[in-house]
Amino acid sequence: MFTLNISGNKKIFTFSTKLDTASCANMDVELMEALGTDSEEVEFDMSGVDYISSIFLRICTMVAKRIGVNKLRVTNSAPGVKKVFKIAGFDEILNVE
Amino acid sequence: MTDDSIIQTIMDNAVNAGAIFGQLDQEQTDRIVKAVYTAGFNNRIKLAQMAVDETKMGRFEDKVIKNVLATQLVYDDIKNVKTVGIISDDEVSGITEIAQPLGPIFAITPVTNPTSTVIFKILIALKTRNPIIIRPHSNAVNCSVEAAKICYEAALSEDAPENCIQWIPSCTREETQKMMAHKDMALILATGGGGLVNAAYSSGTPALGVGAGNVPVFIEKSADVKYAVSQIMSSKLFDNGTVCASEQAIIVEKDIAQSVKDELVNLGGYFMNPEETAKVSAVVFDSAKKVMSTVTMGKSAKFIAELAGITIPKEAVLLIAPLDGVGEKYPISYEILAPVIAFYVAENYQAAVNLCIDLNYHGGAGHTASIFSNDEKKIREFSMVMNAGRIVVNMPSSQGAVGAIVNTLAASLTLGCGSGGKNITTDNVTAKHLLNIQRIARKRVNQKFDKIDKSLYLNEAYNSEMIEKEYNKNY
C-alpha cells in the first residue's frame, strides 16, 4: 500500500501503482498512525502511481488538516494523476509538484 | 442605436429576412454564398489595410491572410456541404434528416480579427439561410461595417433577402444585452472578451461562444528542434500574436533546452533577464484586472520593448521570458496576444507535461495545446491529459487551430472550447453548427423489445442479467 521513509524531520510516503477504493480501504487509519502527532514535513511520493481514487483525495485532505497544508507536498505525479489533482482543485490547496 | 424601437426594427427586419430566406433552395443559397465569398476575397487587401489602420494592431500582410482564410478557405470548406432541405436519407434506419435555418443570428466580432471574423460569420450564416446582425468591436467599427456592406451588396446581387445582413455601428452594453435577449434572436455567435461572452451565455438565447486561450507548446526531445522553433516563430509572430491560438509558453526538456534557445535566438528571439521580464510584464499585463493589457495587444516586440523601457537588439522580433512558475506571480504565464512568450525548462518529460497542464488550466482550459514530437506514444499521452479542443502536432498553432491551412480541421475563426471554456462545443464552429436538424423517424420496430414478455419487467425476481438473457434471446 505504502512504504515510509524518514529523513530528518521529513516523512516520505511512497505509494503503490493503483490507489483505487479497495487499496485505500484502511489506508487512512494506517497512514494516520504512521504520521503520528509530531510530523514536521510530509511528502507523498507518487512515482509510479497511475490511478487515484476519491478516497485518496480525502486522505490528502485529512493529512493536510492534521499537519497543515504547507507541510504536505505531493511529488512526482504522473500527468494523469496531476490532472486529477488539477481538476479537483487540489493543486490550489496542496503543494502538488 | 438610441432606443428600443430601433432594436425592434432591426429584429423585425431580421425575422422577415429569415422568413424569405427559408424559401430558397440549395442552389440559390450556394449562389449567394459564392457571390459573398468572391466579394470578400476581392476586397481582402483593402479590408486588411482598413483593419490595421483602424485598430493599430497586427500586421497588414497577415491580416490579408486572415481574410483569405475567412473567404477562400472557409468557402472551400463549406461549399459542398448540404445545408438546405433533406441532407440525409437512410432507408435502413428510416431516418431522414432535414436542415432548417435557426433564425436571426447576433454576431459579436472582435478587434483582433475584425474583418475576417465578420466575413466568416456572414458566410456560415448565409450558407445556412440565417439572417445575421453584426455587432462589431467598438475599436473596429469602420472596417467591420465595410466588410459587412461588401458582403451584403454581393448577397443582394444574387437575390438574397433584403436585410439578410445587418450591422450596428454603435451599440452600448445595455443595447447589446437587449439584442442578445430579444425573444426573436435565435443564436448568438460571440467572439470577444470574457465579459461579453459570459453576457451572451447569460442572455437566455442559445450562444456559441469562445473561451480564452493560453496555449502551451511542448517541444518534446524527439522533435526536430530547428523545424519546431521555425514553426513556433512563424505562428507566434503571425499578425503580431493576435490569434488566440498562438503559442503562449514554450516548454522544453532540459536535454534540448540549449539547442532550442540557440535556435530561438537565431530566428530573432530575445531572452530577457529577470529585470527586463519584470518591466515587460508591467506593460503587457494589467495586474488590476488580471488580464493582458490592450495597449500592447498586437503590437511589435520593438514597440513593447520601448514602452517597457528596455533595450533589445534591432533584429529581435520576439521577447522571451524564462520563467520558473505559473500563476499570478508570473504575469507572462497568462495569455498575452503580442510577441511575448514564456519559456520553461523542465527536468524531464513528466515534469514538462505537468507544467503544460498547469499552463493549460491557467486561463486556457478547452482551447488549444501544441506539441512537437516524433514519438506517437508521447503525443497521445500528452493529448490525453490536456484540456483542449485542439491539440496540434508539429505545426504552427495559430495556423493549425483555425484549420484548413496545415491540417484538415474545419476552417474557422470561432474556436469552441468545450466545458473548459464554458462553451457547448470543442469544435471549430462552422456552418453545420447553425442548423436545426429535423429528423423524420419512420417505423422500425425494435424486435428484441417487441418480442420480450413485458410482464417480466414487473417481476421483481428477474434481475438485469435474467432480463438481458430474455431480451437477447435468438429463438
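Residues numbered from 1 in each chain as written. Chains lettered and ligands numbered in written order. Predicted model: local features only at pLDDT ≥ 70, side-chain atom pairs only at ≥ 80, totals over all residues.

Examining the overall build of chain A
Working step 1: Of regular secondary structure, chain A possesses three helices and seven strands.
Working step 2: What you see in chain A, going N to C, is helices and strands ordered as β-β-β-α-β-β-α-β-α-β.
Working step 3: Sorting the 97 residues of chain A into buried and exposed places 31% on the buried side.
Working step 4: Taking contacts inside chain A between residues at least 6 apart in sequence as the whole, the part at least 24 apart equals 71%. (Helix = DSSP H or I, 4+ residues; strand = E, 2+ residues; numbered from the N terminus. Buried ≥ 20, exposed ≤ 12 C-beta atoms within 10 Å, placed from the backbone. Contact = placed C-beta atoms within 7 Å.)

Brief notes about the overall build of chain B
Working step 1: Looking only at helices and strands, one finds 17 helices and 17 strands in chain B.
Working step 2: Taken against the 2.2 N^0.38 rule, which gives 23 Å for 475 residues, the C-alpha radius of gyration of chain B at 25 Å falls within 12% of a compact globule.
Working step 3: Counting all 475 residues of chain B, 54% fall into the buried class.
Working step 4: Sequence separation of 24 or more characterises 72% of the internal contacts of chain B that already satisfy a separation of 6 or more. (Rg over C-alpha atoms; globule rule 2.2 N^0.38 Å.)

Focus: the packing of helix α1 (residues 27-35) of chain A against helix α2 (residues 54-67) of chain A
Any two packed helices are characterised by the angle at which their axes cross and by the distance between the axes.
All names here are of chain A.
Working step 1: It is at 11 Å that the axes of α1 and α2 come closest, and there the two elements cross at 25 degrees. The angle between α1 and α2 falls in the class roughly parallel. Crossing of α1 over α2 shows right-handed handedness. Listed contacts from α2 to M27, D28, L31 and L35 of α1 are I59, M62, V63 and R66.
Working step 2: Taken together, the residues of the contact of α1 with α2 sort by class into six nonpolar, no polar and two charged. (Axes fitted to C-alpha atoms, helices over the stretch in contact; angles between N-to-C directions. Parallel < 35°, antiparallel > 145°, perpendicular 65-115°, else oblique. Left-handed = near helix turned anticlockwise from the far one by under 90°. Nonpolar A, V, L, I, M, F, W, Y, C, P; charged D, E, K, R; others polar.)

Remarks on the domain arrangement of chain B
Residue and element names in this part refer to chain B.
Working step 1: As far as domains go, chain B holds domain 1 (4-210 + 429-436) and domain 2 (215-408).
Working step 2: The C-alpha-based centres of domain 1 and domain 2 are spaced at 31 Å.
Working step 3: At the junction of the two partners, domain 1 supplies eleven residues and domain 2 supplies ten residues. (Domains from an automatic or database assignment.)

Examining helix α2 (residues 26-42) of chain B
All names here are of chain B.
Working step 1: Spanning 17 residues, α2 covers 24 Å between terminal C-alpha atoms, matching the ideal 24 Å at 1.5 Å per step.
Working step 2: Residues T29, D30, I32, V33, A35, V36, Y37, A39 and G40 constitute the buried set of α2.
Working step 3: The secondary structure elements touched by the buried residues of α2 are α3 (44-55), α4 (60-78), α5 (114-127) and α6 (141-157). (Expected span 1.5 Å × (residues − 1).)

Here's the deal with the sheet that holds strand β8 (residues 215-219) of chain B
All names here are of chain B.
Working step 1: With parallel pairing, the seven strands of this open sheet are ordered in space as β10-β13-β14-β9-β8-β15-β16. Edge positions in the open sheet fall to β10 (269-271) and β16 (388-393), since each of these has one partner strand only. Looking at each pair of strands side by side, their axes are set apart by 25 degrees on average, direction ignored.
Working step 2: Bridge count for β8 against strand β9 (residues 247-253) is five bridges, and the pairing is parallel. By the bridge assignment for β9, I219 is matched with V252. (Pairing = 2+ DSSP bridges.)

Some points on unusual backbone geometry
Residues and elements named next belong to chain B.
Working step 1: The phi torsion at R129 lies on the positive side, around 65 degrees, for a residue other than glycine.
Working step 2: Structurally, R129 can be placed in the loop between α5 and β4 (132-135).
Working step 3: One non-glycine residue, D159, lies in the positive phi region at around 65 degrees.
Working step 4: Structurally, D159 can be placed in the loop between α6 and β5 (165-167).

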